[in-house]
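# Geometric and topological summary
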Amino acid sequence: MARSSNLVVSTATALLLLLSTYSCRAATSSSKNPTAVVLPVRKDGATLQYLTGFRQRTPQTPVTAVLDLGGATLWVDCDPGSYASSSYAHVPCASKPCRLARTGTAACATSCVGAPSPGCLNDTCSGFPENTVTRVATGGNLITDVLSVPTTFRPMPGPLATAPAFLFACGAKFLTEGVFSTMHCI
Ligand SMILES: *[C@@H]1O[C@H](CO)[C@@H](O)[C@H](O)[C@H]1NC(C)=O
């Protein structure tokens, strides 16, 4: 399977976000509601990093993720060429998700000159994605996009549960250095 993206996930944060996002969706969905979702985890023998995966964006793209218990933010490489989606959206500075996600002195990106893209948006909440392998960190937009993971419905793996607007931080290609997929992609 092609690995088109790299990201680092904080299990604590990401799993809590996943669960809360899905319970929100379950409350409004009239069909079979997922009660639990699964993030399959495997260990890469070469890097000793723990890997998981999910589907994200439109069109839906398989994403391989590095799980890091020491990380604080789910982030992906949003550089042009790495991230393509028609369903991403900015997180407005004055929104509740922005207030909840921002820590300490996180700034807000009020304007960007150029064509709109995940990395160039007006009135967008800022995050601080960090590569916890190399300890390199950078500022980046917080955005939302469609994200899907398998449910526990049987037979396993169950059908995908989808969060239409899952929040994460935009990192950049340079930030993925030292992370599993950059070492192993073509
Ligand atoms: C941000 O707003 C300014 C002023 O309206 C506009 O010129 C610019 O193109 C916008 N940037 C994006 C990325 O939409």
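Scroll up to find the structure this text is about.
Here we summarise the structure given alongside this text. (Residues numbered from 1 in each chain as written. Predicted model: local features only at pLDDT ≥ 70, side-chain atom pairs only at ≥ 80, totals over all residues. Heavy atoms only, no water.)

### Remarks on the overall build of the protein chain
When helices and strands are tallied, the protein chain shows three helices and twelve strands. Across the 186 residues that make up the protein chain, the buried fraction comes to 44%. Accessible area of the protein chain: about 9,700 Å², with a carbon and sulfur share of 61%. (Helix = DSSP H or I, 4+ residues; strand = E, 2+ residues; numbered from the N terminus. Buried < 20%, exposed > 50% of the residue type's maximum accessible area, 1.4 Å probe, protein only. Areas by Shrake-Rupley, 256 points an atom, 1.4 Å probe, with all protein chains shown as cover.)

### Quick notes on the site of the ligand
As a matter of local geometry, the ligand sits amid Cys112, Gly114, Pro116, Cys120 and Asn122. With respect to the ligand, the side chain of asparagine 122 contributes an N or O atom lying 2.3 Å from an oxygen atom. Protein contacts shield 44% of the accessible area of the ligand, which totals 360 Å² for the unbound molecule. Along the lines of polarity and charge, the residues of the shell around the ligand split into three nonpolar, two polar and no charged. (Near = heavy atom within 4 Å. Polar contact = N/O pair within 3.5 Å; in protein donor to acceptor, adjacent residues only side chain to side chain. Nonpolar A, V, L, I, M, F, W, Y, C, P; charged D, E, K, R; others polar.)

### Examining the state of the cysteines
All chains considered together, the criterion is met by four disulfides. Through a disulfide, cysteine 98 is tied to cysteine 125; the S-S separation comes to 2.1 Å. Around the S-S axis, the bridge from cysteine 98 to cysteine 125 shows a dihedral of about 80° and counts as right-handed. In this pair, cysteine 98 sits in helix H2 (residues 96-101) while cysteine 125 sits in strand E8 (residues 124-127), placing the two residues 27 residues apart along the sequence. The two residues cysteine 98 and cysteine 125 agree in class, both being buried. Between the sulfur atoms of cysteine 112 and its disulfide partner cysteine 120 the distance amounts to 1.9 Å. Disulfide cysteine 112-cysteine 120: torsion about the S-S bond near -105°, hence left-handed. Assessed through its relative accessible area of 30%, cysteine 112 is described here as partly exposed. Judged by relative accessible area, which is 10%, cysteine 120 ranks as buried. Counting only the cysteines that take part in disulfides, in the order they occur along the protein chain, gives the pairing 1-8, 2-4, 3-7, 5-6. (Disulfide = S-S within 2.5 Å.)

### Structural notes on the packing of aromatic side chains
Taken as a whole, this structure holds one aromatic pair when the rule is applied. Ring centres of tyrosine 83 and phenylalanine 168 lie 6.1 Å apart, and the angle between their planes is 35°; this geometry places the pair in the tilted category. Residue tyrosine 83 is located in the loop between strand E5 (75-77) and strand E6 (89-90), and its partner phenylalanine 168 is located in strand E12 (residues 160-171); the two are separated by 85 residues in the primary sequence. Considered together, tyrosine 83 and phenylalanine 168 belong to a single accessibility category, that of buried residues. (Phe/Tyr/Trp six-rings, centres within 6.5 Å; stacked < 30°, edge-to-face > 60°.)

### Quick look at unusual backbone geometry
Among all residues save glycine, negative phi is the norm, and among peptide bonds the norm is trans. Backbone torsion omega between threonine 58 and proline 59 reads 0°, so that peptide bond is classified as cis. Looking at where proline 59 falls in the secondary structure, it is placed in the loop between strand E3 (50-56) and strand E4 (61-67). A positive phi angle, close to 80°, is found at arginine 57, a residue other than glycine. For arginine 57, a relative accessible area of 3% puts it in the buried group. Phi at aspartate 123 takes a positive value of approximately 50°, unusual for a residue other than glycine. Relative to the helices and strands, aspartate 123 resides in the loop between strand E7 (108-109) and E8.

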